[in-house]
2 protein chains.
Amino acid sequence: MSGSVVVGLDVGGTSTRATALALDGRRLGSGRAGGGNPTSHGAERAAGELLAALREALAGVDPARVRGGTIGLAGAGLLLADPAGRDAFDRAWHDAGLRCPYAVHGDALVAYASGTASPDGTVLIAGTGAIAAGVRELRLDRVADGHGWLLGDAGSGFWLGREAVRRLLADLDRGHAPGRLATGVLTELLGSAEVAARPRDTVDALVQTVTRRPPVELARLAPLVVAAAVDGEPVACGLLDEAAAHLAESAARIRPAGEVSPIVLGGGLLTGATPLAAAVRAEIARRWPDAPLHSAGDGAAAAAWLAARDLPEVTDPVALHALLVPRTA
Amino acid sequence: MSGSVVVGLDVGGTSTRATALALDGRRLGSGRAGGGNPTSHGAERAAGELLAALREALAGVDPARVRGGTIGLAGAGLLLADPAGRDAFDRAWHDAGLRCPYAVHGDALVAYASGTASPDGTVLIAGTGAIAAGVRELRLDRVADGHGWLLGDAGSGFWLGREAVRRLLADLDRGHAPGRLATGVLTELLGSAEVAARPRDTVDALVQTVTRRPPVELARLAPLVVAAAVDGEPVACGLLDEAAAHLAESAARIRPAGEVSPIVLGGGLLTGATPLAAAVRAEIARRWPDAPLHSAGDGAAAAAWLAARDLPEVTDPVALHALLVPRTA
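In this numbering scheme, every chain counts its residues from 1 along its sequence in written order. Here every chain gets a letter starting at A, and every ligand a number starting at 1, in the order they are written. A pLDDT threshold of at least 70 governs which residues receive local features in this predicted model, and a stricter bar of 80 or more applies before side-chain atom pairs are shown or counted, although totals over entire chains, interfaces and linings include all residues. Values reported for side chains reflect all heavy atoms of the structure, with hydrogen atoms and water molecules removed beforehand.

Looking up chain A in an unreviewed UniProt entry gives the name BadF/BadG/BcrA/BcrD ATPase family protein, with the organism given as Micromonospora reichwaldensis.

What follows is the structure, encoded as structure tokens:
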């Protein structure tokens, strides 16, 4: 059959997802491969994962029908500034049989477009790290935070994990029995909930255990905080509220009070009905009561939509968004 | 001449100081050598610096007159748990001609004893890191914070430096012109106060500059914060107030409300009439209005006093403290 096809790719640190969509919304193929972030994995390896995901998505599609494509990835700017990396991506695109041009956008823009078709708005993302970005005419505009674990990422998974350990250490300093969340963190880090006769020995063991590992691994404790908050554990609930306040404050750095454009929540900690998303929604309702709120959805489909918007036959990109990008909350 | 002599050593990360004191308070000699912290420099090198400082202090003293000695150092517990390290220190002591026993105490206890002769109290230290410790019968009792830059050291030089960079990044995120402190930090880190046409480029350059270095080097920015606060710069003043609140909160983890035993302030950021010391004094006056407050002084002399206290001829250790340890604020 004929008709234009668009391809979208969502390249993340742990997986690369590709989708091929007809303009009537039919999904002609999808593919999945390993993490392909060129910043952390190198452009060659990233391009290899890209090709694997593309080939899977295009298995039943005549590549000559593909009229456009978009690749969304973290560190898009770094890739575009690196001729060797750009070459590697060009080769992967060509090796997949594609002859149309493609665009590269930041993963934050793709997350935004997975939640709304509105050209202007804000995206707020919390996963291992945290970042807020303004979107204008479907381009990333100003950015807040995303400064990394040492200097920022306030309210992120790293932040939640570090704060959970800090609360545990404070309990031990005070000679208090660790609470429910603190007990979970203690068990996770030391393999036992037991506090030494001299609590300072447990403090020292915790500090040594954490500082022996890459700091970003503190983000692995975030699911403990989220699970404890779901159970109503007060320290965990307090941490989620603090994280939500930090995230909203980051958004406020780039988004005027009273702004009514949509806000999209993305990243593992904010996508869907997570407890942190609920806390962030409450903060946002306080600061921007009239802003529509959306959850990020299918990034690969959103990337495909971003490519389709530029095709001459597309006259109503908003209607096309409804066809191509699965509806989220 | 005859009469007992005591030797005190204050072993820090950047210098080792030794003093030889007669029990009437006369200083018979003093010595100085390079940093000798066995945790950061290795026990062999630390012992070498110890020996150099000791030999200088004992140049005019018959070592047979030396009846006792104390070595104060960070990580004392680690040294005592390491037979090879302990051997290296024993050899240095012996090579200096000393035949009396010596004791090893944590630098926090020595800092405490440099400010007061009271057997019970609290010491609060802020330099590159930050720690609070209770003292009972002139032994370190419970400890709060000192958890290192990744998990703690709240209110320390590292903390001040990191927060100063975070305030600068927040200014840039917001599109504000950096304030006075932020301009100083920007110049210190990037060599120029200029903000790029796209402020995000300056943000990225700052994050890269800081993350390329060891994190603890953020403490090098603390003097900028202190100097700006002396000039009344509002962000710097706010940071010092926050740091003081963190430090007082750490002390409160181990010190009951209303406690009236003395508090000694130590470390480069709190020793003497520093602006952070002033802010901490205000916090302490609020929480423990009846506690005498002292500044840490001559650590080597305090170490010598700790050794002298155990001599049979010493009947009034408080009076001896007044003779041996120079009075501080």
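So, next bit.
K.L.:
Quick question: what am I supposed to make of the overall build of chain A here?
P.N.:
We count a stretch as a helix when DSSP gives it H or I for four or more residues in a row; a strand needs E for two or more, and each element gets its number in order from the N terminus. Secondary structure summary: chain A contains 13 helices and 10 strands in total. Radius of gyration here is computed from C-alpha atoms only, and the compact-globule reference equals 2.2 Å multiplied by the residue count raised to the power 0.38. Relative to the compact-globule value of 20 Å for 329 residues, chain A shows a C-alpha radius of gyration of 22 Å, a close match. By principal-axis analysis of the C-alpha atoms, chain A measures approximately 75 × 45 × 30 Å. Total accessible area on chain A is roughly 13300 Å²; 53% of this is exposed by carbon and sulfur atoms. Surface accessibility follows the Shrake-Rupley procedure with a 1.4 Å probe radius. Residue values consider only the protein chains on display as shielding.

K.L.:
Before we go on, may I ask you to explain empty space enclosed by the protein in this structure?
P.N.:
Gaps left between atoms show up when a probe the size of a water molecule is rolled over them. Points on a 1 Å grid, built from protein atoms alone, make a cavity when a 1.4 Å probe fits but cannot get out and make a pocket when they are open with protein on both sides within 12 Å along at least 5 of 7 lines; residues with an atom within 4 Å of a point are the lining residues. Grid points are joined across faces, edges and corners, and a volume is the space filled by probe spheres set on the points. One pass over the full model with this rule turns up 1 cavity of 30 Å³ or more. Within this model, the largest cavity holds a volume of roughly 30 Å³. If you trace the largest cavity, you find it lined by A:Trp149, A:Leu150, A:Arg162, B:Trp149, B:Leu150, B:Phe158 and B:Arg162. Side-chain classes are defined by residue name, with Ala, Val, Leu, Ile, Met, Phe, Trp, Tyr, Cys and Pro counting as nonpolar, Asp, Glu, Lys and Arg as charged, and the others, Gly among them, as polar. When grouped by side-chain class, the residues that make up the lining of the largest cavity number 5 nonpolar, no polar and 2 charged.

K.L.:
Even after reading the chapter, I still don't get the side chain of B:Asp171, so can you show me in this structure?
P.N.:
Residues and elements named next belong to chain B. Assignment of secondary structure puts aspartate 171 in helix H6 (residues 157-174). Relative accessible area decides the class of each residue, using a 1.4 Å probe on protein chains only: under 20% of the type maximum gives buried, over 50% gives exposed, and in between gives partly exposed. Only four residue types enter the tally: Lys and Arg on the positive side, Asp and Glu on the negative side; His and the chain ends are excluded. Put simply, a salt bridge is a Lys or Arg side-chain nitrogen that is within 4 Å of an Asp or Glu carboxyl oxygen. Although buried, aspartate 171 forms no salt bridge, and the nearest oppositely charged side chain, arginine 174, lies 4.3 Å from it. Ignoring sequence-local partners within four residues, the contact set of aspartate 171 consists of His176, Ala177, Pro178, Gly179 and Ala182. Pairs of residues are marked as contacts when any of their non-hydrogen atoms sit within 4.5 Å.

K.L.:
Explanation requested: the interface of chain A and chain B in the structure shown.
P.N.:
By a widespread convention, an interface's size corresponds to the accessible area lost as its parts come together. Facing 30 residues of chain A, the contacting portion of chain B comprises 30 residues. Throughout, the accessible surface (probe 1.4 Å) given up by two parts as they are put together, summed over both, is called the buried area. Of the roughly 2400 Å² buried where chain A meets chain B, counting both sides, 59% is carbon and sulfur surface. Looking only at chain A, the three residues that lose the most surface to chain B are A:Leu150, A:Leu151 and A:Asp173, adding up to 30% of its buried area. One can count 4 salt bridges joining chain A with chain B. Between A:Arg174 and B:Glu249 there is a salt bridge, with its nearest N and O atoms 2.7 Å apart. As used in this structure description, the phrase polar contact means that two N or O atoms lie within 3.5 Å; if the pair is within protein, one of them must be able to donate a hydrogen and the other to accept it, and residues adjacent in sequence are counted only when both atoms belong to side chains. The interface formed by chain A and chain B includes 16 residue pairs in polar contact (both at pLDDT 80 or more). Taken together, the elements giving at least two residues each to the side of chain A that touches chain B come down to strand S8 (139-145), helix H6 (157-174), helix H8 (199-212) and helix H10 (234-254) of chain A. If you tally residues by element for the side of chain A that touches chain B, the top one is H6(A), at 8 residues. Of the residues that constitute the side of chain A that touches chain B, the class distribution is 17 nonpolar, 4 polar and 9 charged.

K.L.:
Got a minute to help me understand the pairing of strand S3 (residues 27-34) of chain B in this structure?
P.N.:
Residues in a regular strand point their side chains to alternate faces of the sheet. Residue and element names in this part refer to chain B. For two strands to pair, DSSP has to find at least two bridges joining them. Pairing geometry for strand S2 (residues 15-22) and S3, over 7 bridges, is antiparallel. Each bridged residue has a counterpart across the sheet, and for arginine 17 the counterpart in S3 is arginine 32. Here S2 hands over to S3 after 4 residues, with glycine 25 in that stretch at a positive phi of 100°.

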